[in-house]
Amino acid sequence: MDYIGEQLIPGMFGNFFLALSFSATILATTAYYFSAKDSDDGSWRKIGRTAFRIHSLSVLGIFAVLFYMLLNHLFEYHYVWQHSNTEMPMRYILSCFWEGQEGSFMLWSFWNMVLGNILIKTAKDWEGSTMTVVSSVQVFLSSMLLGLVIFEYKLGSNPFILLREHPDMVNMPFTRIADYVDKIDGRGLNPILQNYWMIIHPPTLFLGFSSVMIPFAYAIAGFWKKRFNDWQKPALPWAFFGVMILGTGVLMGGAWAYEALSFGGFWAWDPVENASLVPWITLVASAHVILISKNTGKSVKTAFILTTVTFVLILYSTFLTRSGILGDTSVHAFTDLGMSGQLLIYLIFYCVLTLAIFATRWKYVSGDKKEDSINSREFWMFIGALVLLISAFQIIFSTSIPVINKVFGSNLAPPADPIMHYNSWQIPFAIIVGFLIGLGQFLKYKNSDISKFWKKIRVSLLIAAIFSATIAILTSNTNYHYVLLFFAATFAVVANANYFLRIMKGKISKGGSSIAHIGFGLILLGALVSTSMSKVISQNSSGIDVKVLGSDFSNHDNIMLFKNDTLQMGDYYVSYSNKRKEGVNIYFDIDYYSKSETGQLIKAFTLNPLVQLNKTMGNVAEPDTRHFLTQDIYTHITYADLSQIEAPATGKSGYMEPKEKMLAIGDTMFSSNAIIILHQLNTSLDKAEHELTDNDIIVGAQLHILKMNGDIITATPLYIIRDMMVESIADSIPDLGLKFLFTKIDPESGQIKISLFEKQDNKRDFVVMKAIIFPFINILWTGCIFLIFGSILAIRQRIKTS
Amino acid sequence: MKKTHIAGILIIAVAIGAIISTIQDSSTYASFAQARENPSIEFHVIGELNKEKGMDYNPEINPNVFSFYAFDKEGEECKVIFNGTKPQDFERSEQLVMLGSVKDEVFVCSKILMKCPSKYNDGQEEVIITANTTEADS
């Protein structure tokens with residue numbers, strides 16, 4: 001049938017660019033391969049360059065086309081339909097772009113393309129060999145977007161496939177409507193991704209992934225062309241660039257989790273988080289060993305191994321997060337798009353390539369004849385790199401449990417308490433690394449004078465020791481792991497600050513590594529303090545004791561707040577005052593009060609955690625955090641009754657169906673706003689008042705009504721037998737919207753029956769929320785800034801000297 | 001012995017330690033029956049919510065207790081008490097991964113990983129719903 005209103009031209013352009021980018025990069029790889037041979041007179045290189053330029057332009061073309069489609073809401077394209085809709089704010093259009101696998105592969109290949117072009121400009125005689133590697137990586141990435149079916153095997157997933165042609169949509173009712181395009185809206189962007197961090201976190205992370213490729217290309221090129229001692233120098237700035245960008249990307253992910261996700265913290269050792277942290281750790285190790293290797297001419301093989309392992313780990317992480325294998329263990333892994341085979345080939349190809357090159361070349365690499373002195377900087381840097389490697393191994397091994405299950409057919413589940421599991425290993429590693437960072441700068445290459453060395457560091461050691469001991473005593477912290485880590489991290493900061501100020505004389509241009517190391521020390525410190533001392537202040541302190549239920553659960557974590565009630569939380573008094581709907585979001589006003597010296601409550605601030613209504617993907621709650629210099633107060637709605645918003649209640653004045661219960665003296669029953677206790681039965685009431693004769697009977701059930709704030713009021717519904725007829729006289733408490741009726745006496749058990757009526761509008765609005773204080777989390781963010789700034793300085797210096 | 005050898009041996013020792021600890025700390029996927037037999041051990045049970053039976057969440061009494069009935073993969077039903085609030089859209093969940101142990105015939109669970117159709121990804125089901133609504137609109 002003929003469809004009306006479809007825009008097919010952008011798709012044609014898109015597919016043309018996809019095909020062009022794929023073929024051009026195959027040509028570039030081939031041409032650069034031959035240009036790297038000594039026999040080339042420059043003509044192969046010319047072809048390689050031209051091909052890579054064409055490839056670059058096509059990648060930009062693909063980008064532009066998809067962007068155009070998203071911007072114009074062309075829902076006839078599956079990717080646009082799947083990841084965006086018209087309701088969504090346009091500022092998140094970039095998040096839509098990289099929400100899906102195809103978009104994120106595009107982002108990755110975009111950065112590779114950019115870095116490739118920089119390499120063409122800067123690599124000089126390395127161009128042929130390194131660009132062979134870069135172009136080959138682009139062959140793999142471009143193939144992920146092809147969506148070609150070859151011998152019943154689907155190669156890649158095409159971002160420009162039409163909605164009606166997508167395999168999931170075959171024979172759907174809408175495909176029989178000619179003008180379906182005018183009638184559909186997209187499925188929309190996952191609400192948890194509608195966050196500013198999600199605009200910048202993926203590009204940063206993928207730039208980090210891409211920058212790992214450059215040292216890898218140099219390492220492969222160096223071994224391929226047998227220039228074993230030359231590749232380190234040009235690779236080094238790239239390695240530190242990668243450390244900076246990938247590190248920033250990982251931390252941005254943490255910041256997003258902290259701001260927008262509900263697990264209350266910035267790091268949870270989730271498999272997806274681990275998958276990008278691990279290559280960063282090995283990259284740090286690799287960058288430092290490349291540095292040793294460049295400065296001493298030694299450790300060439302280790303530098304090669306670490307650099308290639310880092311690249312392979314990036315591919316492995318990609319495989320973990322995109323093959324669907326983490327499905328049962330992580331909340332934010334992608335599902336399988338049928339590309340796991342292709343990803344695996346990608347991974348295996350570079351493993352085999354690396355091993356092959358290493359195997360054919362290792363005998364040419366001159367081994368290190370003389371052992372490093374134990375007093376040398378390179379020895380301890382090397383040890384540090386090994387500690388990092390083993391730390392990465394521990395994380396990736398535990399994260400790979402689903403892979404182990406698949407390979408060995410075992411049935412292991414991830415650790416029940418992952419945070420404990422990872423911390424018990426990673427804290428000791430962090431302690432060692434912290435100390436090494438502090439010591440390293442004061443050691444000299446080859447050999448250092450040990451007595452001078454001690455003289456230089458003892459002040460820092462002393463300051464750090466006194467400071468940590470004081471803090472440990474003040475906070476009465478007895479966890480020696482924490483105390484030691486605190487000591488190590490403080491030492492790293494103090495020693496590097498000392499080195500920078502006294503030895504570098506505060507010269508910024510040369511202080512890059514000191515500043516970056518201070519930053520890393522601060523990150524360790526901030527992470528330690530904010531997580532180990534974080535405090536859940538939303539302890540259930542409402543008047544109702546849950547122990548009545550005989551439950552062995554804790555009352556902690558979540559607290560219920562009725563509208564306009566005020567409860568104490570930590571040093572604050574917290575009140576839920578309002579909720580309002582803006583667009584798809586429902587904002588809650590949670591007011592925090594502090595108590596003045598005179599005992600008055602003064603409003604300190606209001607937080608607006610929200611719940612985003614999303615019919616397609618489920619409602620999502622987003623926390624709100626108040627940032628102070630010394631602490632953050634995090635507030636998150638964990639449960640809210642949204643029925644009123646979705647379907648407003650009508651006729652609120654009447655009473656609801658009564659709740660009936662048989663009570664003995666001392667028994668309790670609950671209303672939505674109070675606890676009712678049968679205090680006693682009163683038989684000595686004044687009969688005349690009710691015009692009763694002496695033969696009649698009157699009994700009053702004296703009920704104690706315990707309000708939320710602890711006040712007790714009484715109500716006395718009456719049970720009367722007048723002329724052998726039973727009569728009940730209700731008692732009501734208008735303030736609480738409660739009415740009681742005493743309807744029956746059971747003489748055998750001594751129990752009486754009470755009917756409890758509640759006003760309809762008694763269903764008071766409430767929220768269940770969680771509030772956590774994270775102390776000194778700003779140390780962590782300050783550390784990030786130092787790390788980035790220091791890295792930039794160090795990279796600049798490396799580029800200058802090379 | 002060279003220093004590098006010592007370092008190498010140490011690394012291998014730590015690596016083996018890491019592997020052993022991972023295997024020791026790792027939990028197991030189990031059914032309710034297996035969990036009932038070993039009440040002292042925490043298991044991961046994969047199952048789904050029994051949507052026929054009610055769920056119980058009374059925040060006014062305790063916001064930290066939520067109970068429901070679930071089937072495990074073998075189809076056995078068990079009452080589950082979760083120490084926490086009722087998760088958003090729990091009714092819509094397709095699959096539950098529950099971590100906990102059995103106490104008095106009840107699966108007491110401290111962590112739930114919930115899979116909703118297309119919460120993070122593409123679910124066939126959701127596609128149909130959207131497409132149908134579209135048709136109904138026209």
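Owing to the predicted nature of the structure, the values given are computational and were not obtained by experimental measurement. Each chain carries its own residue numbering, running from 1 in the direction its sequence is written. Here every chain gets a letter starting at A, and every ligand a number starting at 1, in the order they are written. Whole-chain, interface and lining totals are the exception, using all residues; otherwise, since this is a predicted model, local features are given only for residues with pLDDT of at least 70 and side-chain atom pairs are given and counted only at 80 or more.

**A closer look at the overall build of chain A**
Item 1. Think of it this way: any DSSP run of H or I at least four residues long counts as a helix, any run of E at least two long counts as a strand, and we number them from the N terminus. Of regular secondary structure, chain A possesses 19 helices and 24 strands.
Item 2. Structurally, chain A occupies a C-alpha span of about 125 × 85 × 50 Å along its principal axes.
Item 3. Counting every position in chain A, which comprises 802 residues, the buried fraction comes to 47%. Put plainly, a residue is buried at 20 or more neighbouring C-beta atoms within 10 Å of its own, exposed at 12 or fewer, and partly exposed in between, counting only other residues' C-beta atoms, which are placed from the backbone.

**A short note on the overall build of chain B**
Item 1. The secondary structure content of chain B amounts to three helices and six strands.
Item 2. Counting helices and strands in the order they occur from the N terminus, chain B gives α-β-α-β-β-β-β-β-α.
Item 3. Taking all 138 residues of chain B together, the buried fraction comes to 34%.
Item 4. By the convention adopted here, residues make contact when the C-beta atoms placed from their backbones lie within 7 Å. Counting contacts in chain B only where the partners sit at least 6 residues apart, residues at least 24 apart contribute 48% of the total.

**Some words on the packing of helix α5 (residues 101-122) of chain A against helix α7 (residues 196-224) of chain A**
All names here are of chain A.
Item 1. Look at α5 against α7: their axes get within 9 Å of each other, and the N-to-C directions meet at 45°. When the interaxial angle is binned, α5 and α7 end up oblique. Crossing of α5 against α7: the hand is right-handed. For the pair α5 and α7, the contacting residues are Ser104, Leu107, Trp108, Trp111, Asn112, Leu115 and Leu119 in the first and Pro202, Pro203, Phe206, Leu207, Phe209, Ser210, Ser211, Met213 and Ile214 in the second.
Item 2. Only Asp, Glu, Lys and Arg are considered charged in this grouping, and only Ala, Val, Leu, Ile, Met, Phe, Trp, Tyr, Cys and Pro are considered nonpolar; every other residue, Gly among them, is considered polar. Here the contact of α5 with α7 is built from residues that sort into twelve nonpolar, four polar and no charged. Whenever a helix is involved, its axis is fitted only over the stretch in contact; in every case the axis is a line through C-alpha atoms, and angles between N-to-C directions fall within 0 to 180 degrees. Oblique is the label for every angle not falling under 35 degrees (roughly parallel), over 145 degrees (roughly antiparallel), or within 65 to 115 degrees (roughly perpendicular). Here a crossing is called left-handed whenever its near helix is offset anticlockwise from the far helix by less than a right angle, and right-handed whenever the offset is clockwise.

**Focus on the domain arrangement of chain A**
Residue and element names in this part refer to chain A.
Item 1. Each domain's extent was defined by an automatic or database domain assignment. Domain boundaries in chain A define domain 1 (1-194), domain 2 (210-414), domain 3 (434-533 + 776-802), domain 4 (546-641 + 766-775) and domain 5 (659-760).
Item 2. The C-alpha-based centres of domain 2 and domain 3 are spaced at 24 Å.
Item 3. The set of elements that each furnish at least two residues to the side of domain 2 that touches domain 3 consists of α8 (232-260), α9 (271-296) and α12 (377-399).
Item 4. No other element matches α8, which puts eleven residues into the side of domain 2 that touches domain 3.

**Overview of the pairing of strand β4 (residues 77-82) of chain B**
Working note: regular strand, side chains alternate between the two faces of the sheet.
Residue and element names in this part refer to chain B.
Item 1. A one-sided burial pattern is seen for β4, the buried positions being Cys78, Val80 and Phe82 and the unburied ones Glu77, Lys79 and Ile81.
Item 2. One requirement defines pairing of two strands: DSSP has to find at least two bridges between them. With six bridges joining them, strand β3 (residues 66-72) and β4 adopt antiparallel strand pairing. Across the sheet, alanine 70 pairs through a bridge with cysteine 78, a residue of β4.
Item 3. Where β3 folds back on β4, the antiparallel hairpin that results is connected by four residues, among which glycine 75 adopts a positive phi of roughly 90°.
Item 4. Note that β4 and strand β6 (residues 106-115) share four bridges and pair parallel. The partner of lysine 79 across the bridge, within β6, is valine 106.

**Some words on the confidence of the model for chain B**
Residue and element names in this part refer to chain B.
Item 1. You can read pLDDT as the predictor saying how much it trusts each residue, on a scale of 0 to 100. Mean pLDDT for chain B: 77, with 83% of residues reaching 70 or above.
Item 2. Predicted confidence for residues 118-138 stays below pLDDT 50, and this span has 35 contacts to residues more than four positions away or in other chains.
Item 3. Scored as a complex, the prediction yields pTM 0.84 and ipTM 0.81.

**Some words on the sheet that holds strand β22 (residues 738-746) of chain A**
Residues and elements named next belong to chain A.
Item 1. Here we have four strands laid out as an open sheet, ordered β14-β23-β22-β21, and antiparallel in their pairing. Each edge of the sheet is formed by a strand with only one pairing partner; in this case those strands are β14 (659-663) and β21 (731-733). Strand-to-strand twist of the sheet, defined as the mean angle between neighbouring strand axes without regard to direction, takes the value 25°.
Item 2. Pairing geometry for β22 and strand β23 (residues 751-758), over eight bridges, is antiparallel. When the sheet's bridge partners are listed, aspartate 746 is paired in β23 with glutamine 751.

**Topic: α8 of chain A**
Item 1. The length a helix should cover is 1.5 Å for every residue beyond the first. Taking 1.5 Å of rise per residue, 29 residues should cover 42 Å, and α8 of chain A covers 41 Å from first to last C-alpha, within 8% of that figure.
Item 2. Of all 29 residues making up α8 of chain A, 24 are buried, and the element is well covered by its neighbours.

**Regarding the environment of leucine 736 of chain A**
All names here are of chain A.
Item 1. If you trace the backbone, leucine 736 turns up in the loop between β21 and β22.
Item 2. A tally of 19 C-beta atoms within 10 Å means that leucine 736 is categorised as partly exposed.
Item 3. A sequence separation of 377 residues divides leucine 736 from alanine 359, and the C-alpha atoms of the two residues are 82 Å apart.
Item 4. Residues in contact with leucine 736, not counting those within four places in the same chain, are Asn673, Ala674 and Ile705.

**Thoughts on the environment of serine 67 of chain B**
Residue and element names in this part refer to chain B.
Item 1. Mapped onto the elements, serine 67 comes out in strand β3.
Item 2. Distance in space between the C-alpha atoms of serine 67 and asparagine 38 is 21 Å, their sequence separation being 29 residues.
Item 3. Apart from residues no more than four positions distant in its own chain, serine 67 is found in contact with Asp56, Lys79, Val80, Ile81 and Phe82.

**Concerning unusual backbone geometry**
Item 1. Phi at lysine 124 of chain A takes a positive value of approximately 55°, unusual for a residue other than glycine.
Item 2. Structurally, lysine 124 of chain A is set in the loop between α5 and α6 (127-143).
Item 3. Given 7 C-beta atoms within a 10 Å radius, lysine 124 of chain A is considered exposed.
Item 4. The backbone of glutamate 105 of chain B sits at a positive phi, close to 65°, despite the residue not being glycine.
Item 5. The topology assignment puts glutamate 105 of chain B in the loop between β5 (95-103) and β6.
Item 6. Using a count of 10 C-beta atoms within 10 Å as the deciding quantity, one classes glutamate 105 of chain B as exposed.

**Considerations on the environment of tyrosine 69 of chain B**
All names here are of chain B.
Item 1. With respect to the element layout, tyrosine 69 can be found in strand β3.
Item 2. Looking at tyrosine 69, the number of C-beta atoms within 10 Å reads 18, which means it is partly exposed.
Item 3. Taking C-alpha positions, tyrosine 69 is 17 Å from alanine 30, a pair spaced 39 residues apart along the chain.
Item 4. Ignoring any residue separated from it by four or fewer positions in sequence, one finds tyrosine 69 in contact with Asn50, Lys53, Glu77, Lys79 and Val80.

**Some points on the packing of helix α1 (residues 9-35) of chain A against α6 of chain A**
Residues and elements named next belong to chain A.
Item 1. One can describe the packing of α1 onto α6 by two numbers: an axis separation of 8 Å at closest approach and a directional angle of 160°. Accordingly, the angle class assigned to the pair α1 and α6 is roughly antiparallel. Crossing of α1 against α6: the hand is left-handed. Taken together, the residues of α6 that come into contact with α1 (itself represented by Ser21, Phe22, Thr25, Ile26, Ala28, Thr29, Tyr32, Tyr33 and Ser35) are Gly128, Met131, Thr132, Ser135, Ser136, Gln138, Val139, Ser142 and Ser143.
Item 2. Residues that form the contact of α1 with α6 fall into these classes: seven nonpolar, eleven polar and no charged.

**Considerations on the confidence of the model for chain A**
Residue and element names in this part refer to chain A.
Item 1. Looking at chain A as a whole, its pLDDT mean stands at 88, while 94% of the residues score no less than 70.
Item 2. Here residues 543-552 is modelled with pLDDT under 50, and outside its nearest four sequence neighbours on either side it reaches 15 contacts, counting other chains as well.
Item 3. Contacts for the low-pLDDT stretch residues 646-652, under 50 throughout, to residues beyond four places or in other chains number four contacts.

**Quick notes on α5 of chain A**
Item 1. The end-to-end C-alpha distance of α5 of chain A is 31 Å, a good match for the 32 Å that 22 residues give at a rise of 1.5 Å each.
Item 2. Trailing α5 of chain A by a residue or two, lysine 124 of chain A shows a phi angle of about 55°, which is positive.

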